[in-house]
Amino acid sequence: MKKSLQSTFIIILSIAIIASVTSCNKKSDATIPIPAPVISDIISGLTSTTVTIDGRIGASYVVTENGICYSATNKIPTTSNIFITDTVGARWENKLTGLTPNTTYYVRSYATNDSGTGYSDVLTVTTPATNAVPVGTVTTFAGNDKGLSGYVEGTGTAALFDGPQNIAFNTTTGLFYVSDSFNNTIRTLTIAGATGTLTNAGIGYANGSLSAARFYGPRGVSFDPQGNTYLADLGNNVIRKITTGGIVSTLAGNTIAGYLDGAATAAEFYNPIATTVDATGNVYVADRSNNLIRKITPGGVVSVFVGFKAIGGYSQLTVPGYLDGSASVAVFNYPIAITNDANGNFYVADYKNNAIRKITPAGDVTTYAGGLNFPALVGSPTGIVIDAQGNMFISDNTGRILEITKNKVLYVLAGAKASGNTNGVGSLARFSNPQSLALDANGNLYVADFNNNAIRKITIAIQ
C-alpha cells in the first residue's frame, strides 16, 4: 500500500510539472513583447521634396518587418498611413520622396512581430520651400598645398607645418592658434593666413617665458574671457597656461601618466587632448586615455566632471564603453574633443563610440548624435565647434566636414568618405585625417588637416 501511494504521488507530481511547464510556455508565448523601435532626431538629405530618416530596434526583439511611416495630417502616424518597409535588421534608413515643399510631416519608425506593431516617438519634419542647402568651398589657407611637412613661417602656401592637430580662434587677439604637434610648437595665424611663432623651443617640458618654454606634442587649445590660453600638453600629461603677457605655467598635472584628483600639482592625467573654458574660468579637459572629462577650478583643484571612475585601483584604461546617464555613471570611449555652448552645455567628440555626447551643466550625459544606435551619422568624430546661433560643425575621421543645424538637420558641407588633398566645392574636396575645427568672426570654418600638413578654409554658402 505504501509503495502504491508513493507511485501515485510521483505520477501526480509529474503531471503537475508537465502542466506547469506547458503553462509557462503558453505564458511565454503570450507575453512576447511588441517591438519598441527608436527614431533618430537627426535627419539628413533634407530638400523640398525628400528627407532621410534613420530607425532602430530599441532592444533585442525578433521582428518580421520594420520601416518608417509618415503623414502630413495624422500627428500620430501608423502603417495605415504612408509607410516604407526596409530590410529587416537592427538599423534601417529610409529616404522619403515625393514630399510637398514647405509642409510639416509627422514621422515614426515602426517594427512588427507576431505580437503586433510597435512605434517610436513622433518626429516632426518640415520641408523647406526650396532645395537650397549649405555647401562648403574648400581652399588651402596655410601650409603647403601638396602636403609637404616642415617648419617655415610664411603666408598661405608658403608656410610649412608638421602634423597640425588643433586650431582655435582667440577673439581677444584676433589670431588663430595652431598646435603644430610634430614641431612641438604653438603657431599663430592672422586672418590673412600669415603664420607666426608663439613658442618654439624644441621638445621637452619647461615653464617660463615663451622663448624658454617647452612642450611635448601640444594639442587642444582654448581661451578664457581675458584671452589667456590653455592647452593640453599630451606628451607631458599636463595642462599648460599661457598668459596674455607671454608667461607659460603648468595649470595642473605633474607629468606622470595616471589618474589622480586633488590639488593641481599632485593631479595626474593620461594623454589629455582637448580643453575648453566656461564663463567663470573653470577649465574642462578631455582626458583621453582615462576616458573621463576632468574639471580644473580657478583655484587649481582637479576633479572628475563626468565619467565612470575606476575603483579598486585598476586603470581607467579598463573602463572604456558607452553609457548615457548621470555624471558618475556615464561612460566614454576615447573622448578627443570638447566644446561648450552659450547655455553652459558641453559637447564631446567621443571618437570610438562614433558619437557626439552632450553634457548639461549638472553633468547629465546624453547622446546628441550618432552613438551605438546610429553610428554612421558622424563616423569617428575628431573635432567639434559651435557657432553663436547653435549650429554644430564636426570633422570626422572618414574625411567629411559636417554641419548639424540647431534644428538637428545634418548636412555634409565638404569632403567624402575618402582620403586625399583636393580643394573644391562640397563632396569634390578631399581631406586626410581632418582634426580640429575653428570658426572666425565671419562664420568661415577652418580645419587642421593633419596628414596634409595644412590648415584648410571652408567658406559656407547656401546653394
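We now turn to the structure provided with this report. Keep in mind that this is a model prediction, so the values were computed, not measured. (Residues numbered from 1 in each chain as written. Predicted model: local features only at pLDDT ≥ 70, side-chain atom pairs only at ≥ 80, totals over all residues. Heavy atoms only, no water.)

Quick notes on the overall build of the protein chain
Logical step 1: Within the protein chain, the regular secondary structure consists of one helix and 36 strands.
Logical step 2: The buried share of the protein chain, reckoned over its 463 residues, is 52%.
Logical step 3: Looking at the protein chain alone, contacts between residues at least 24 apart form 50% of all its contacts between residues at least 6 apart.
Logical step 4: A total of about 19,400 Å² of accessible surface is found on the protein chain, and carbon and sulfur atoms cover 55% of it. (Helix = DSSP H or I, 4+ residues; strand = E, 2+ residues; numbered from the N terminus. Buried < 20%, exposed > 50% of the residue type's maximum accessible area, 1.4 Å probe, protein only. Contact = heavy atoms within 4.5 Å. Areas by Shrake-Rupley, 256 points an atom, 1.4 Å probe, with all protein chains shown as cover.)

A word on the packing of aromatic side chains
What characterises a pair of aromatic rings is the spacing of the ring centres plus the angle enclosed by the ring planes.
Logical step 1: If you walk through the whole model with that rule in mind, you get 13 aromatic pairs.
Logical step 2: Geometrically, the ring pair formed by Phe141 and Tyr446 is edge-to-face, given 5.0 Å between the ring centres and 70° between the ring planes. Taken together, the residues span a long stretch of sequence, with Phe141 in strand 10 (residues 134–142) and Tyr446 in strand 35 (residues 445–449) at a distance of 305 residues.
Logical step 3: Feature note: the residues Phe141, Phe169, Phe176 and Tyr446 constitute an aromatic cluster, connected by ring pairs.
Logical step 4: The positively charged end of Arg187 is found above the aromatic ring belonging to Phe161, 4.6 Å away from the centroid.
Logical step 5: Above the plane of the ring of Tyr368 lies Lys408, whose end atom (NZ or CZ) is 4.4 Å from the centre. (Phe/Tyr/Trp six-rings, centres within 6.5 Å; stacked < 30°, edge-to-face > 60°. Lys NZ or Arg CZ within 6 Å of the ring centre and 35° of its normal.)

Considering the side chain of Thr140
Logical step 1: Following the sequence through the fold, Thr140 ends up in strand 10.
Logical step 2: Of the polar contacts made by the side chain of Thr140, one reaches the side chain of Asn423; its length is 3.3 Å.
Logical step 3: Sequence-distant contacts of Thr140, defined by excluding residues within four places in its chain, comprise Asp145, Thr157, Asn423, Ala454, Ile455 and Arg456. (Polar contact = N/O pair within 3.5 Å; in protein donor to acceptor, adjacent residues only side chain to side chain.)

A few points about the pairing of strand 28 (residues 365–370)
Logical step 1: Across five bridges, the pairing between strand 27 (residues 355–359) and strand 28 is antiparallel. In the strand pairing of strand 28, Arg357 is matched with Thr367.
Logical step 2: Linking two consecutive strands that pair antiparallel, namely strand 27 and strand 28, is a turn of five residues; a positive phi of about 95° is found at Gly363 within it. (Pairing = 2+ DSSP bridges.)

Regarding the sheet that holds strand 16 (residues 218–223)
Logical step 1: Across the sheet, which stays open at both edges, the five strands sit in the order 15-19-18-17-16 with antiparallel pairing between neighbours. This sheet does not close on itself; its edge strands, each paired only once, are strand 15 (208–209) and strand 16.
Logical step 2: Across four bridges, strand 16 lies against strand 17 (residues 229–233) in antiparallel orientation. Bridging from a neighbouring strand, Pro218 pairs with Asp233 of strand 17.

Examining the nonpolar core
Logical step 1: Residues Ile43, Val51, Ile53, Leu96, Val107 and Val125 are the most contacted members of the largest nonpolar core, which totals 21 residues.
Logical step 2: Elements supplying a minimum of two residues to this core: strand 3 (51–56), strand 4 (65–71), strand 6 (91–96), strand 7 (104–113), strand 9 (123–126) and strand 32 (409–415).
Logical step 3: The greatest single-element share of this core, amounting to three residues, is contributed by strand 7.
Logical step 4: Once you skip the residues sitting within four places of it in the chain, Ile53 turns out to touch Ile39, Ile43, Ile68, Trp92, Glu93, Asn94, Leu96, Val107, Leu123 and Val125. (Core = buried A, V, L, I, M, F, W, Y, C linked by side-chain atoms within 4.5 Å.)

Points about the environment of Gly307
Logical step 1: Looking at the element boundaries, Gly307 is found in the loop between strand 24 (301–306) and strand 25 (335–340).
Logical step 2: Beyond its immediate stretch of four places on either side in the chain, Gly307 contacts Leu292, Ala327, Ser328, Ala330 and Phe332.

Thoughts on the sheet that holds strand 35
The strands that make up a sheet pair up through hydrogen bonds in the backbone, lying either parallel or antiparallel.
Logical step 1: With respect to topology, five strands assemble into an open sheet ordered 33-10-36-35-34, the strand pairing being antiparallel. Both outer strands of the open sheet, strand 33 (424–425) and strand 34 (434–439), are each paired with one neighbouring strand and no more.

A word on unusual backbone geometry
Logical step 1: Unlike most non-glycine residues, Asn291 shows phi in positive territory, near 55°.
Logical step 2: Tracing the backbone through its elements, the reader meets Asn291 in the loop between strand 22 (283–287) and strand 23 (292–296).
Logical step 3: Classification of Asn291 by relative accessible area gives buried; the value is 6%.
Logical step 4: Positive phi values are uncommon outside glycine, yet Asn354 reaches one of about 50°.
Logical step 5: The topology assignment puts Asn354 in the loop between strand 26 (346–350) and strand 27.

Here we look at the pattern of salt bridges
Logical step 1: Counting across every chain of the model gives 10 salt bridges.
Logical step 2: Among the ionic pairs, Arg240 bridges to Asp233, the shortest N-O distance being 2.6 Å. Each of the two residues, Arg240 as well as Asp233, counts as buried.
Logical step 3: Arg456 is the salt-bridge partner of Asp449, the closest N and O atoms lying 2.7 Å from each other. You'll find Asp449 and Arg456 in the same group, each marked buried.
Logical step 4: Overlapping salt bridges, with partners in common, bring together Glu153, Asp180 and Arg187 in one network. (Salt bridge = Lys/Arg side-chain N within 4 Å of Asp/Glu carboxyl O.)

Comments concerning the side chain of Ser222
Logical step 1: Summarising the element assignment, Ser222 is placed in strand 16.
Logical step 2: The class of Ser222 is buried, set by a relative accessible area of 9%.
Logical step 3: There is a polar contact of 2.8 Å between the side chain of Ser222 and the side chain of Thr275.
Logical step 4: Ignoring any residue separated from it by four or fewer positions in sequence, one finds Ser222 in contact with Asn228, Thr229, Tyr230, Thr275, Thr276 and Val277.

Brief notes about the environment of Asn373
Logical step 1: Relative to the elements of secondary structure, Asn373 occurs in the loop between strand 28 and strand 29 (381–386).
Logical step 2: Classification of Asn373 as partly exposed rests on a relative accessible area of 33%.
Logical step 3: Note: C-alpha distance between Asn373 and Pro101 (272 residues apart in sequence) is 29 Å.
Logical step 4: Sequence-distant contacts of Asn373, defined by excluding residues within four places in its chain, comprise Val38, Arg56 and Arg91.
Logical step 5: There is a polar contact of 2.8 Å between the side chain of Asn373 and the side chain of Arg56.

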